[in-house]
Amino acid sequence: MELELNGWKVKAALIALLVVVVCAPLARASMSNKGRADDWRKRAVVAEEAVGGLRVVIAERSRALNERTLQANQLATRLDSRGTALQKTKSSVGALTRRQRALTTANTRVTSERNQLRSRLARAEALASRLSACSNDLATVVSSAKGKQAAKVTAQAQPLVESCRKASTSFEAYREQAR
């Protein structure tokens, strides 16, 4: 079977067939690409709308985050200043506690010294009383001895003189101790 291709109709038919065989897939592919392109355009529009909405959400959240950051910084500043004030207060309390202890110690020492001084004053008053009594007794004996014999006066005055000597010795010892 031999086919002769001498006629132009056959050649045209073959060219038409060739065009249909080659162009039909190309046209089909072109239409498919156009459909895909339209689909991607639709997706891009939807994505841009979503991105626009997300930009608004991001802007709102950024603003809210900035406000919260500012509030956190203010709170941190207040906390820091209050912490510093608390440290100063603790330091002052410690200083006051130490001062109170020192004053308590000084008060105890002053109270002890006051008690010692009261004791010394009582002792001095007792010695002064003894010396005064002794001197009054001697004065009484001497004044009543006018006209009496000297031996009698000496016998009466001897115990008083001895008592006065003891009181005077005690007083001198006290004076030496007080120095």
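As a starting point, this report considers the structure included with it. Worth saying up front: this structure is predicted, and the values here are computed from it rather than measured.

**Side note on the overall build of the protein**
In terms of regular secondary structure, the protein is built from 2 helices and 0 strands. Contacts spanning at least 24 positions in sequence make up 66% of the contacts within the protein whose residues lie at least 6 apart. Put simply, the protein shows about 15,400 Å² of open surface, and 60% of that area lies on carbon and sulfur atoms.

**Some points on a nonpolar patch on the surface**
Judged by side-chain polarity, Val10, Leu14, Leu17, Leu18, Val21, Val22 and Leu26 come together as a nonpolar surface patch covering roughly 630 Å² of accessible area. Mapped onto the secondary structure, Val10 falls in helix α1 (residues 8-144).

**Section: the pattern of salt bridges**
Counting across every chain of the model gives 2 salt bridges. Between Asp39 and Arg43 there is a salt bridge, and its shortest N-O distance comes to 3.5 Å. Of the two residues, Asp39 and Arg43 both sit in helix α1, 4 residues apart, roughly one turn of that helix.

How each quantity is defined
Residues numbered from 1 in each chain as written. Predicted model: local features only at pLDDT ≥ 70, side-chain atom pairs only at ≥ 80, totals over all residues. Heavy atoms only, no water. Helix = DSSP H or I, 4+ residues; strand = E, 2+ residues; numbered from the N terminus. Contact = heavy atoms within 4.5 Å. Areas by Shrake-Rupley, 256 points an atom, 1.4 Å probe, with all protein chains shown as cover. Patch = residues over 30% accessible without salt bridge, like charges linked within 9 Å, V, L, I, M, F, W, Y side chains within 5 Å. Salt bridge = Lys/Arg side-chain N within 4 Å of Asp/Glu carboxyl O.

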